[in-house]
Amino acid sequence: MIKDITIGQYFPGTSPIHKLDPRLKLILTFAYILTVFFCKNFVSLAIISAVLLVTVLISKISAKMLLKSLKPIIVIVILTSLLQILYTDDGTVLLEWWKIKITSGGLYMAFFTTVRIILLVAASSMLTYTTSPTLLTDAIERIFSPLKVLKINVHSIAMMMTIALRFIPTLIDEVDKIMAAQKARGAELDTGNILERGKAMVPIFVPLFINSFTRAYDLAFAMECRCYRGGEGRTSLRVMKLRARDYITTGIFALCLVAIILANHFLPAVI
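Residues numbered from 1 in each chain as written. Predicted model: local features only at pLDDT ≥ 70, side-chain atom pairs only at ≥ 80, totals over all residues. Heavy atoms only, no water.

### Quick word on the overall build of the chain
Here is step 1: When helices and strands are tallied, the chain shows 12 helices and two strands.
Here is step 2: Secondary structure elements in the chain, listed N-terminal to C-terminal, are α-α-α-α-α-β-β-α-α-α-α-α-α-α.
Here is step 3: C-alpha extents for the chain along the principal axes are approximately 70 × 60 × 40 Å.
Here is step 4: For the chain, buried positions account for 32% of its 271 residues.
Here is step 5: If you sum the accessible surface of the chain, you get close to 17200 Å²; carbon and sulfur atoms cover 70% of it.
Here is step 6: Computed over 29 positive and 17 negative side-chain charges, the inter-centroid distance for the chain is 8 Å. (Helix = DSSP H or I, 4+ residues; strand = E, 2+ residues; numbered from the N terminus. Buried < 20%, exposed > 50% of the residue type's maximum accessible area, 1.4 Å probe, protein only. Areas by Shrake-Rupley, 256 points an atom, 1.4 Å probe, with all protein chains shown as cover. Lys, Arg positive; Asp, Glu negative; His and termini not counted. Charge placed at Lys NZ, Arg CZ, Asp CG, Glu CD.)

Set out below in structure tokens:
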């Protein structure tokens, strides 16, 4: 399960999605996440799902890799769906036994919730899959640059966010190595009750924290050796400019957004 967490990883490529302006990708990702919650019927949900599917196909990101990023949330998806089925009383009663009542409204809510969670995770993963950490840092800094008027150090915030995102795969690999080493020493990490498993995780977290602090110190020392002084007076190697493909992508997304609004307005809402 640890190896299945792929968030924060970047897969180099030359697809049109990789070449999009990182600022636009950030904005469109947030817009996509908000739009997912505005879908009220199957047509609007199908449109927003098709947008993600086309994006994945154009980016040439492996479907296996995208599905791999969804594996860690399977338990959350199943639990959320069951809660929606059991605690939603709207619609026609399909099954009633003792205190359990399953209605059509509950099934619709469970379906919409499941699809929404999958779309949110997949869209967020696509952002990191197709955008390098350096470009992501520059994009965050450029987007939130107006906050500099309020004396907020935008560059430091963007740098911290990107470094944290970048080291997620590194920490995952570290956990996997430590668990393998502990199992080789006879540690039983997969047996026993919850308390026993919790105690068995202590020998994993201690070296993990030590290695994390050591890595953070080495990174800070390396940045100081390279005379890193933050964003003041710093220039970017790559100048970000919106190109024709960025405007075309924005226009296509805007048309999809209009189609979703029309579907929500003229078609009956399911939830």
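### Some details on the layout of surface pockets
Here is step 1: One number sums up the size of the largest pocket: a volume of about 600 Å³.
Here is step 2: Around the largest pocket, the lining is made up of 24 residues, and of these Ile-17, Leu-20, Val-51, Thr-55 and Thr-249 lie nearest the centre.
Here is step 3: Every element with two or more residues in the lining of the largest pocket is listed here: α1 (16–19), α2 (22–38), α3 (42–59), α6 (104–129) and α12 (244–266).
Here is step 4: The leading source of residues in the lining of the largest pocket is α3, at seven residues. (1 Å grid on protein atoms, 1.4 Å probe; cavity = no way out; pocket = protein on both sides within 12 Å on 5 of 7 lines; lining within 4 Å. Points joined across faces, edges and corners; volume = space filled by probe spheres on them.)

### Describing the nonpolar core
Here is step 1: Among the nonpolar cores identified, the biggest contains 22 residues, and Tyr-32, Leu-45, Ile-48, Leu-52, Leu-119 and Met-126 are the most heavily contacted of them.
Here is step 2: Among the secondary structure elements, those contributing two or more residues to this core are α2, α3, α6 and α12.
Here is step 3: Ignoring sequence-local partners within four residues, the contact set of Tyr-32 consists of Ile-48, Ser-49, Val-51, Leu-52, Leu-119, Ala-123 and Phe-253. (Core = buried A, V, L, I, M, F, W, Y, C linked by side-chain atoms within 4.5 Å. Contact = heavy atoms within 4.5 Å.)

### So, the side chain of Ser-81
Here is step 1: Tracing the backbone through its elements, the reader meets Ser-81 in helix α5 (residues 74–87).
Here is step 2: Of the residues examined, Ser-81 reaches a relative accessible area of 13% and is grouped as buried.
Here is step 3: Of the polar contacts made by the side chain of Ser-81, one reaches the backbone oxygen of Val-77; its length is 2.8 Å.
Here is step 4: Residue contacts for Ser-81: discarding those within four places in its chain leaves Ala-110 and Thr-114. (Polar contact = N/O pair within 3.5 Å; in protein donor to acceptor, adjacent residues only side chain to side chain.)

### Concerning unusual backbone geometry
Here is step 1: Even without being glycine, Lys-60 reaches a positive phi, approximately 65°.
Here is step 2: Relative to the assigned elements, Lys-60 resides in the loop between α3 and α4 (63–70).
Here is step 3: Assessed through its relative accessible area of 72%, Lys-60 is described here as exposed.
Here is step 4: For Lys-151, which is not glycine, the phi dihedral falls at a positive 65°.

### Focus: α4
Here is step 1: Inspection of α4 places Leu-66, Ser-69 and Leu-70 among the buried residues, and these make up the whole buried set. Here the buried residues of α4 occupy an arc of 105° about the axis, which is enough to place them on one side. Opposite its buried face, α4 presents the exposed residues Lys-64 and Leu-67, each directed more than 90 degrees away.
Here is step 2: As for α4, its buried residues are in contact with α3, α5 and α6.
Here is step 3: Capping of α4 at its N-terminal end is provided by Ser-62; its side-chain oxygen lies 3.2 Å from the backbone amide nitrogen of Lys-64. (Arc of directions from axis to C-beta.)

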